[in-house]
Amino acid sequence: MNYKDIKIKLENLAKSLGASLVGFCKLDKPSKYAPSLNYGISIAVKLSDAVFKTIEDAPSFMYFQHYRTANALLDQIAFRLSQKIEELGFLAMPIAASQSLGKNSPYNGAIAHKTVAVLSGLGFVGKSGLFLSNEYGSKVRLVTILTNLPIESDLPIIENGCGDCEICKNACPAGAIFGEKPNALGERNIDAELCSNYMKSNFQDIGRGSVCGICIKVCPKNNL
Ligand code: SF4
Ligand code: SF4
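Notes on the structure follow. (Residues numbered from 1 in each chain as written. Chains lettered and ligands numbered in written order. Predicted model: local features only at pLDDT ≥ 70, side-chain atom pairs only at ≥ 80, totals over all residues. Heavy atoms only, no water.)

## With respect to helix α6 (residues 192-202)
The condition is simple: Relative accessibility thresholds used throughout: buried, under 20% of the residue-type maximum; exposed, over 50%; partly exposed, between the two (1.4 Å probe, protein chains only). Numbering of helices and strands starts at the N terminus; helices are DSSP runs of H or I of at least 4 residues and strands are runs of E of at least 2. Directions pointing from the helix axis toward each C-beta atom define the arc. By definition in these notes, contact holds between two residues if any of their heavy atoms fall within 4.5 Å.
Taken together, the buried positions of α6 are Ala 192, Ser 196, Tyr 198 and Met 199. Down the axis of α6, the smallest arc covering the buried residues is 150 degrees, so these residues share one side. Residues of α6 that are buried in the fold lie against α3 (61-87).

## Digging into the sheet that holds strand β6 (residues 140-147)
What counts, and what does not: When DSSP locates at least two bridges between a pair of strands, those strands are taken to pair. All axes are obtained by fitting lines to C-alpha atoms, using only the stretch in contact for helices, and the reported angles, taken between N-to-C directions, cover 0 to 180 degrees.
Read across the open sheet, the four strands follow the order β1-β2-β6-β3; overall the sheet is antiparallel. On the outer flanks of this sheet lie β1 (21-26) and β3 (92-95), each paired with one strand and no other. Strand-to-strand twist across the sheet, computed as the mean angle between neighbouring axes with direction ignored, equals 20 degrees. Running over the sheet, helix α1 (residues 3-16) touches β1 and β2 (39-46) and is turned about 140 degrees from β1. Those strands touched by α3 are β2, β3 and β6, and its axis lies near 25 degrees from that of β6.

## Things to note about the site of ligand 2
Using the following cut-off: A single heavy atom is enough: if one lies within 4 Å of a molecule or strand, its residue is considered near that molecule or strand. Residue type decides the class: Asp, Glu, Lys and Arg count as charged, Ala, Val, Leu, Ile, Met, Phe, Trp, Tyr, Cys and Pro as nonpolar, and the leftover types, Gly among them, as polar.
All residues in the neighbourhood of ligand 2 are listed as Lys 127, Ser 128, Cys 162, Cys 165, Cys 168, Cys 219, Pro 220 and Lys 221. The residue inventory of the shell around ligand 2, partitioned by class, reads five nonpolar, one polar and two charged.

## Remarks on the pattern of salt bridges
Selection criterion: Should a side-chain nitrogen of Lys or Arg be within 4 Å of a carboxyl oxygen of Asp or Glu, the pair is scored as a salt bridge.
Per the stated rule, a full pass over the model turns up four salt bridges. Note that Asp 49 and Lys 139 form a salt bridge whose closest N and O atoms lie 3.2 Å from each other. Taken together, the residues Asp 49 in helix α2 (residues 49-52) and Lys 139 in the loop between β5 (131-133) and β6 connect sequence positions 90 residues apart. Overlapping salt bridges bring together Lys 46, Asp 49 and Lys 139 as one network.

## With respect to the site of ligand 1
Near ligand 1 the following residues occur: Cys 172, Pro 173, Ala 174, Ile 177, Cys 195, Tyr 198, Cys 212, Gly 213, Ile 214 and Cys 215. Those elements that place two or more of their residues in the shell around ligand 1 are α6 and α7 (214-217). Residue composition of the shell around ligand 1, grouped by class: nine nonpolar, one polar and no charged.

## Some points on unusual backbone geometry
Although it is not a glycine, Asn 223 adopts a positive phi angle of roughly 50 degrees. Its place among the elements puts Asn 223 in the segment after α7. For Asn 223, a relative accessible area of 66% translates into the label exposed.

## Brief notes about the pairing of β1
With five of six residues buried, β1 is to be regarded as a mostly interior element. As defined by bridge partners, β1 adjoins β2 across six bridges and the pair is classed as antiparallel. In the strand pairing of β2, Leu 21 is matched with Ala 44.

## A look at the environment of Glu 56
Position of Glu 56 among the secondary structure elements: in the loop between α2 and α3. Accessibility expressed as a relative area gives 59% for Glu 56, which makes it exposed. Spatially, the C-alpha atoms of Glu 56 and Ile 214 are 7.5 Å apart, while their sequence positions differ by 158 residues. Other than its neighbours up to four places away in sequence, Glu 56 contacts Ile 214 and Lys 217.

## Considering the environment of Gly 23
Considering the arrangement of structural elements, one finds Gly 23 in strand β1. Put simply, Gly 23 and Met 1 are 22 residues apart on the chain and 19 Å apart in space, counted from C-alpha to C-alpha.

## Re the nonpolar core
To be explicit about the condition: By convention a nonpolar core is built from buried Ala, Val, Leu, Ile, Met, Phe, Trp, Tyr and Cys residues, the set being connected through side-chain atoms within 4.5 Å.
Residues Leu 10, Ile 41, Ile 43, Tyr 63, Ile 85 and Ile 145 are the most contacted members of the largest nonpolar core, which totals 36 residues. Those elements that place two or more of their residues in this core are α1, β1, β2, α2, α3, β6, α6 and α7. Among the elements that line this core, the one with the most residues is α3, at nine residues. With sequence-adjacent residues up to four places away left out, Leu 10 is seen in contact with Phe 24, Ile 41, Leu 81, Lys 84, Ile 85 and Leu 149. Judged by nonpolar contacts, the second largest core, of 10 residues, contains Ala 34, Ala 110, Val 116 and Leu 146.

Written as structure tokens, this is what we have:
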């Protein structure tokens, strides 16, 4: 099987399992946890508009539970695709949709999912620090597979499209969004600790984590 056929097969498998978007890219900077795996596959699932409508000016139970279910689905899709890639004779490491690496790296996983998504040409990172896909804005969750299967993107990298908008910065209840455009790879332009602490301090009954969702709800790219 040639790489074009493998790409189509993997895209079809991912979509049959519930993926909304699938992208492929070469990584200039592989993860230090897998230095020989210098290609990435980015997979997105679109989240429910109806669930976002339950967010007003605070997080909601519906969104928190939906977020966790989306992560579980993404992890399953990445696991199944990784199995398929290894059956074909390559290496594949699924990186969990929501990963932290202990006390020294509580807000980062083995690689930034949004960086892989940007390199795959699926969208850009907004001033909110969120990945905004071309099709669905930031109403998506992401997962990544690191691999040595050499398939690159045939889509161009997209520039940040926020323009002068600062709606998310002004809406963030934690003051975690600086209102700056991220660099080309979408590296951090928000204070992840402030974001996480806002949820932990105020909404323990709902759950912990950076899932208040207000920056998604207010973004005009999302038509909510
Ligand atoms: S999830 Fe909430 S607290 Fe975190 S950056 Fe977005 S708006 Fe701010
Ligand atoms: S709310 Fe405005 S500034 Fe924030 S991510 Fe959306 S478009 Fe960009």
